[in-house]
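Structural overview for review
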Amino acid sequence: MHVLIVEDEKSLHQEVRQFLTQAQYLCDSAYTHAEASEKIFVNSYDFVLLDLGLPDGDGLSLLREARENENQDASFIILTARGALDDRIKGLDLGADDYLPKPFSLLELLSRMQAITRRKFGLKRQEMTFGQGFHLDVTGRTLRHEGNEVVLTKKEFDLLHYLLLHKNRVLTRLQLGEHLWGNVLEDDSDSNYIDVHIKNIRKKLSQYAPTDFLETVRGIGYRVVQPENQS
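What you see as residue numbers is a count from 1 along each chain, following the sequence as written. Where local features are concerned, this predicted model is filtered to residues with pLDDT of at least 70; where side-chain atom pairs are given and counted, the filter is 80 or more; whole-chain, interface and lining totals use all residues. Neither water nor hydrogens contribute to the side-chain values; these are computed over all heavy atoms in the structure.

Re the pairing of strand β13 (residues 214-217)
How we decide: Strands are treated as partners if at least two bridges between them are detected by DSSP. What counts as a helix is a DSSP run of H or I of at least four residues, what counts as a strand is a run of E of at least two, and both are numbered from the N terminus.
Relative to strand β14 (residues 221-224), β13 runs antiparallel, the two being bridged by 4 bridges. Residue pairing across strands places T216 opposite Y222, the latter belonging to β14. Once β13 ends, the chain turns through 3 residues before running back antiparallel as β14, passing G219 with a positive phi of about 80 degrees.

What follows is the structure, given as structure tokens:
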């Protein structure tokens, strides 16, 4: 998942970035209001971790601006030393998904991000079932079929997980590349980078069960099709 960290305290910024990178998140950095505003306008993020006390502007105005961007449906978590009740209320009223005052535990931050993901996509647990007998363990980063482990590379796992989160929704190759690996396709829209990974996923899964749930939408991208009550 693609995360933008907006924090001007460099030591904390790097600590959060390193921790989330180890937890398999793709992280971008912004240290100022202006830098964050530009990145939010250009890119789509799954999470924005937002400090309110930025050197060149208020984080709340950045949140307001982002919510007016129709292409930005990121989940916002406010990270700030400003613990006043009115700041919390303003942030939540503007569309923040959570509020974590400093100092905070990195493990708690990760737990809250995972909880937001579960709520956002209607998941009851950190395991996702799909197809005919496949089980994807998000926390353990493993895929199994009736007790047999299906070995995926990191990129294959991330791609399959992201498609499952957005089940029944068509995702373009550009969207998939941007959310999972940064703007790797920006200068090469005809790249088969995503196609190769989809092909490999299908090949590995087809050894255990049909993969007709993973559909190619010609000229656009891919989608996972499954009943709404399956998660």
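Notes on helix α2 (residues 33-42)
We apply this condition: Relative accessible area decides the class of each residue, using a 1.4 Å probe on protein chains only: under 20% of the type maximum gives buried, over 50% gives exposed, and in between gives partly exposed. The directions from the helix axis to the C-beta atoms form the arc being described.
Listing the buried residues of α2 in full gives H33, A36, S37 and I40. Axial view of α2: buried residues confined to an arc of 100 degrees, hence all on one face.

Describing the side chain of S29
Here is the rule: Pairs of N or O atoms are called polar contacts if they sit within 3.5 Å, as long as, within protein, a hydrogen donor faces a hydrogen acceptor (for residues adjacent in sequence, only side-chain-to-side-chain pairs). Contact between two residues is taken to exist if any of their heavy atoms lie within 4.5 Å; hydrogens are not considered.
Following the sequence through the fold, S29 ends up in strand β2 (residues 26-30). Judged by relative accessible area, which is 10%, S29 ranks as buried. There is a polar contact of 2.6 Å between the side chain of S29 and the side chain of R17. Excluding residues within four positions of it along the chain, S29 makes contact with L4, I5, H13, R17, E35 and K39.

Overview of the side chain of T80
Turning to its location among the elements, T80 is positioned in strand β6 (residues 75-80). Apart from residues lying up to four places away in sequence, T80 is in contact with D51, L52, Y99, L100, P101 and K102.

Brief notes about the nonpolar core
Cut-off, in case you're wondering: Nonpolar core, defined: a set of buried Ala, Val, Leu, Ile, Met, Phe, Trp, Tyr and Cys residues in which side-chain atoms within 4.5 Å join the residues together. Start and end points for every domain follow an automatic or database-based domain assignment.
With 50 residues, the main nonpolar core has L20, L49 and L205 as its most contacted residues. The greatest single-element share of this core, amounting to 7 residues, is contributed by helix α6 (residues 154-165). In this structure, this core is formed jointly by two domains, domain 1 (2-121) and domain 2 (127-224), each of which donates at least three residues. Setting aside chain neighbours within four positions, we find L20 in contact with V3, Y25, C27, L49, L110 and M113. Residues V6, V48, L63 and A66 belong to the second largest nonpolar core, which totals 19 residues.

What about the sheet that holds β14?
In plain terms, the rule: Only C-alpha atoms enter the line fits that serve as axes; for helices the fit covers just the stretch in contact. Angles between N-to-C directions range over 0 to 180 degrees.
On the basis of which strands lie adjacent, the open sheet formed by 3 strands has the order β12-β14-β13 and antiparallel pairing. Looking at the sheet topology across the chains shown, the edges are occupied by β12 (171-172) and β13. Here α6 sits on the sheet in contact with β12, β13 and β14, set at roughly 65 degrees to β14. Contacting β13 and β14, helix α8 (residues 193-205) runs over the sheet at an angle of about 150 degrees to β13.

Things to note about the environment of V150
Within the secondary structure layout, V150 lies in the loop between β11 (148-149) and α6. Separated by 56 residues in sequence, V150 and S206 have C-alpha atoms that sit 10 Å apart. In this structure, V150 is in contact with F134, L143, R144, H145, K204, L205 and Y208, ignoring residues within four places of it in sequence.

Re the layout of surface pockets
Let me state the cut-off plainly: A cavity, in this analysis, means grid points on a 1 Å lattice covering only the protein atoms where a 1.4 Å probe fits yet has no way out; a pocket is instead an open set bounded by protein on both sides within 12 Å along at least five of seven lines, and a residue lines either one if it has an atom within 4 Å of a point. Grid points are joined across faces, edges and corners, and a volume is the space filled by probe spheres set on the points. Residues are sorted three ways: Asp, Glu, Lys and Arg are charged, Ala, Val, Leu, Ile, Met, Phe, Trp, Tyr, Cys and Pro are nonpolar, and all the rest, Gly among them, are polar.
Estimated volume of the largest pocket: approximately 360 Å³. As for the largest pocket, its lining consists of 18 residues, of which A23, Y25, V138, R141 and H161 are closest to the centre. Of all the elements in the fold, those that place two or more residues in the lining of the largest pocket are α5 (106-120) and α6. The class makeup of the residues in the lining of the largest pocket is 9 nonpolar, 7 polar and 2 charged. In terms of lining residues, the second largest pocket is bounded by 15 residues, among which D73, Y162, H166, R169 and H179 are the most central.

Structural measurements only, silent on function.
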